[in-house]
Amino acid sequence: METRYGPRFSRRSLLLSTAALLVATSSKSTARTISGALPWEPNGGNPPVAAKFGPWEFFTVDEGRAMEALADRIIPPDPQTPGGKDSGSAVFVDRQLAGAYGSQEGHYVRPPFINGMKNQGAQSEGGPRKDYRDGLAALDKICKAREGGKAFADLTDDRKDAVLKDIEDGKLELEGIDGKSFFALAIKDVQTGFLADPIYGGNHDMAAWKMIGFPGARYNYLDWVSRHNEPYPLPPVSMVGRAEWSSNNSGAK
Amino acid sequence: MARILPKKDVVIVGLGWTGSVMANELTDEGLDVIAIERGPWRDAPTDFPPSQMQDELRYRIRHELFLRPDQLTFTLRNKLDQQALPMRDWGAFMPPNGVGGGGVHWNGEMWRFLPSDFVLKTHLTQRYGAGFLPADMTIQDWGITYDELEPYYDRFEYLCGTSGTAGNLRGQIMEGGNPFEGPRSRDYPTKAQTQPFSHTLFAKAARELGYKPFPQPSGNLSTAYTNPHGLRMGPCTYCGFCEWFGCSNYSKASPQTTILPVLVRKDNFTARDNSEVVKINTDRSGKHATGVTFVDSSGETWEQPADLVILSAFSMFNAQLMLHSGIGQPYDPKTGEGRIGRNFTHQTISSVNGFFDKSKFNFNPFIASGSIGMCIDEFNGDNFDHGPLGFVGGGYVGQVQTGARPIESALTPPGTPKWGAAWKTAIKDNYLSTVKPGTGVHGSFYAYRDIYLDLDPLYKDRFGRPLMRMTIDIKENEAKQNRYLTDKFAEIIKAMGATSLAKTYRTAPYDATTYQTTHLNGGVIMGADPKTSAVNRYLQSWDVSNLFVLGASAFPQNAGYNPTLTVGALAYWAADAIRNQYLKKPGPLVDA
């Protein structure tokens, strides 16, 4: 059997590095004949691909500004917990769109695309990349037309909320895209980034998990399963560890 | 042109639970067995390490361990006159792929069906009269009884190390177990799992309302266990990443933990992964299978000849391969004739989320196993009088919450805005004090004349073959059943002390976009009559006697329980029939 030495995965290296960390490799897409022994390989797993720090990968600068502003209204900052922007939700959405989610990898994308009933599931040819490209542009366009030439990101928070509420309620239509569906998609993706593991670019420093009380990527609660109604005592941990696990604390803000 | 491989005694299509059980049984018999699996080989320590499995985005939201729709999907419509459209991404269910099949990422619920479930048509007709059933309902008896299947239920339970509390031991009702279950010949292999706070609170409230709660039988083990093959499993750690995820801890029963390490070492067993069987080949008579044709990951086509063909893919793919192979007459809903695709069913699922006062309740909801839970069975099957209610069927209800992975479990009480500061505050205030049972109402789904599977006339797969078309809806009987059960369930959640409830009924139309379970059944159903079933009581094709079709495709209709234990028991039952009857005298085991 073919031997493969995959990339090594350690929480520390993920935490400290700012470069491309991991490339998903899959030796498993090739048909094999297996007999006599379990086909184990050194580092045979398929570790997660971490979001990289750095510039936008999918969004343009204008789209990125709009997305960050949108993320901060979907999840506004408060004194205890950062909002969607500072916790990285816009970065999360950008990296997801640049990757498999954006390209609809694994989805059935064969034609014909026929509009059906809602309960038959989405039948969109363009997928989320087109939804965001069209949606963010249309959002800025309607704001400029109605709000004295200002892009969405330049409005006051109250005006941003008013525009979004009107879109949500179907009172304000976006050009060339179903505004209500686009906003629902943005809500879902921004909140997903807020609550997912920080390895994907959102939920920075596990802000959301600290806020709600989720202990994260732990895997043994045997000592707590019978301790009913007692707060779990340990802080959260992510797949990239915790800032204080790093010897020099330089890897996380 | 297909390249022809050396002939084997047995070819097995799909190496999930049933394929693994059958391969192990038939290699024990000395036969030379090859299993051909569509997806990759997967193993617990390499593919599900604890450093990366606790990843809700990757495994739950993006479905990494599952079949990808671009490889194969389905089209869906609710009614005969509608245009079916493809499921471009998964929603209502998530079919498995790869070695271990659904056994990799299932929750491990280990339910036996009720004795009356196996003789459903006879039982309901005797109790309520034939006129009580809806005119278009096509339920039927299984052709096998609970008592016949009991030894095989027992075998699969001991294979898996199942943790539970017996409710009926050889006819004696046992305190703390399910008093409605059929008699079991011996106790569970391991004691029930320890229950977290909200599950315990549900049991207390149910008991005070007069019900008899019991722990859900679990394939996540309460304690260390060595199974009959000598394979060792460890106690579950309640990590809360079981459903949708693989278990690296050898705590969840799966082919990987209970069969494969023994099977793969046998000289007379071979597996091929990443190879999709596209056809069961038959000789000129059409009555004898000669093997299968499969396509590997490089696109090369191979033919694997064999004396015996075991079809053990996921239920709907069994039906699809039968249709693609031209074996058995396709079902026609207009005439009611034909058998392949007939009596396709799902599960009738709903839930009630309970929101509690955070100053009094901290559930630590992230502490759970896949099949943790306290349940009641008062409203399952025909355990209650349906006469005044105007529907048939039922299900268990219970607090079966499998964890609180935050993307799906940061819930807000009804009326909360979906975004903004109010949303943020609400998830903060409710995460630790919300009860989210998931599939808390787990109802039956009976069969109907116009709910079935056939080949789609428009959409094709990557090989240019027609996709499988599902025609499925929620009928009035199931909607009534669900409403009744959901209301009963909500009363218990309320009695736990919830300050507000979010109650959702299952209603028509059948919705492809919200997850319901992956308990899809029927299409190649078993029975006593070759006119109304595709396989006989031993899961042997009525048309091709050296072809056996395993899995939930054999269910004539679905009961109010998770299917896997019955699927596993039927695999052992069929294996026994092959070993002790078929191999001695190959040919039909039941005269048509």
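So, how was this worked out
- Residues numbered from 1 in each chain as written.
- Chains lettered and ligands numbered in written order.
- Predicted model: local features only at pLDDT ≥ 70, side-chain atom pairs only at ≥ 80, totals over all residues.
- Heavy atoms only, no water.
- Helix = DSSP H or I, 4+ residues; strand = E, 2+ residues; numbered from the N terminus.
- Rg over C-alpha atoms; globule rule 2.2 N^0.38 Å.
- Buried < 20%, exposed > 50% of the residue type's maximum accessible area, 1.4 Å probe, protein only.
- Contact = heavy atoms within 4.5 Å.
- Areas by Shrake-Rupley, 256 points an atom, 1.4 Å probe, with all protein chains shown as cover.
- Lys, Arg positive; Asp, Glu negative; His and termini not counted.
- Charge placed at Lys NZ, Arg CZ, Asp CG, Glu CD.
- pLDDT = per-residue confidence, 0-100.
- Pairing = 2+ DSSP bridges.
- Axes fitted to C-alpha atoms, helices over the stretch in contact; angles between N-to-C directions.
- Buried area = accessible area lost by both parts, 1.4 Å probe.
- Salt bridge = Lys/Arg side-chain N within 4 Å of Asp/Glu carboxyl O.
- Phe/Tyr/Trp six-rings, centres within 6.5 Å; stacked < 30°, edge-to-face > 60°.
- Lys NZ or Arg CZ within 6 Å of the ring centre and 35° of its normal.
- Expected span 1.5 Å × (residues − 1).
- Core = buried A, V, L, I, M, F, W, Y, C linked by side-chain atoms within 4.5 Å.

(A) Region of interest: the overall build of chain B. Along chain B, the regular secondary structure elements total 13 helices and 25 strands. The C-alpha radius of gyration of chain B comes to 23 Å, within 12% of the 25 Å expected for a compact globule of 592 residues. Burial status across chain B gives 69% buried among its 592 residues. Relative to all contacts within chain B whose residues are 6 or more apart in sequence, the contacts with residues 24 or more apart total 76%. Of the roughly 18,000 Å² of accessible surface on chain B, a fraction of 51% belongs to carbon and sulfur atoms. Between the averaged position of the 58 positive side-chain charges in chain B and that of its 59 negative side-chain charges there is a distance of 3 Å.

(B) Local environment of the confidence of the model for chain B. In the predicted model, chain B carries a mean pLDDT of 97, and 100% of its residues have values of at least 70. We note a pTM of 0.95 for the whole complex and an ipTM of 0.96 for its interfaces.

(C) The arrangement of the sheet that holds strand β21 (residues 452–460) of chain B in detail. Residues and elements named next belong to chain B. Strands sit in the order β5-β4-β22-β21 across an open sheet of four strands; the sheet is mixed. Every other strand in the sheet has two partners, leaving β5 (85–86) and β21 as the edge strands with one partner each. Here two bridges tie strand β4 (residues 74–77) to β5, and the two strands are oriented antiparallel to one another. The partner of L76 across the bridge, within β5, is L85. Sitting on the sheet, helix α9 (residues 315–325) is in contact with β4, β21 and β22 (466–471), with an inclination near 125° to β22.

(D) How the structure looks around the pairing of β21(B). Residues and elements named next belong to chain B. In the sheet, β21 pairs with β22 via five bridges, with the strands oriented antiparallel. Residue pairing across strands places L453 opposite M470, the latter belonging to β22. Connecting β21 to the antiparallel partner β22 that follows it, the hairpin turn spans five residues, and G464 within it adopts a positive phi of roughly 85°.

(E) The interface of chain A and chain B, seen in detail. Chain A puts 88 residues into the contact, and the matching count from chain B is 86 residues. Considering only the side of chain A, the residues that lose the most area to chain B are Y108(A), N119(A) and Y219(A), jointly responsible for 12% of the buried surface there. There are two salt bridges connecting chain A and chain B. Here D78(A) makes a salt bridge to K424(B), at a shortest N to O gap of 2.9 Å.

(F) A look at the pattern of salt bridges. Residue and element names in this part refer to chain B. Under the criterion given, the structure shown has 47 salt bridges over all chains. Note that R186 is salt-bridged to D154, the shortest N-O span being 2.8 Å. Linking R186 in the loop between β7 (172–173) and α6 (197–208) with D154 in helix α5 (residues 146–160), this pair joins segments that are 32 residues apart in sequence. Judged by relative accessible area, D154 falls into the buried class, the value being 7%. Look at the salt bridges and you will find they share partners, linking R112, E150, E157, E181 and R184 into a network.

(G) Fine view of the packing of aromatic side chains. Under the defined criterion, the tally for this structure stands at 54 aromatic pairs over all chains. Here F241(B) and F245(B) contribute two aromatic rings whose centre-to-centre distance is 5.1 Å and whose plane-to-plane angle is 80°, an arrangement assigned as edge-to-face. Given the relative accessible area of 6%, F241(B) is considered buried. Classification of F245(B) by relative accessible area gives buried; the value is 0%. Grouped by ring-pair contacts, the aromatic residues W111(B), F113(B), F118(B), W142(B), F214(B), Y396(B), F555(B) and Y561(B) constitute a single cluster. In this structure, R227(A) is placed above the aromatic ring of W224(A), and the distance from its NZ or CZ to the ring centre is 4.1 Å.

(H) Representation of helix α6 (residues 179–195) of chain A within the structure. Counted at 1.5 Å a residue, the expected span for α6(A) with its 17 residues is 24 Å, and the 24 Å between its end C-alpha atoms agrees. Buried residues dominate α6(A), accounting for 13 of its 17 residues.

(I) Expanded view of the nonpolar core. L70(A), Y132(A), F93(B), I310(B) and M470(B) are the most contacted members of the largest nonpolar core, which has 212 residues in total. Residue contributions to this core peak at 12 residues, all from helix α13 (residues 564–582) of chain B. Setting aside chain neighbours within four positions, we find I310(B) in contact with V10(B), V11(B), I12(B), V13(B), M22(B), L26(B), F548(B), L550(B) and I578(B). Y211(B), V352(B), V441(B) and I492(B) belong to the second-largest nonpolar core, a separate cluster that totals 26 residues.

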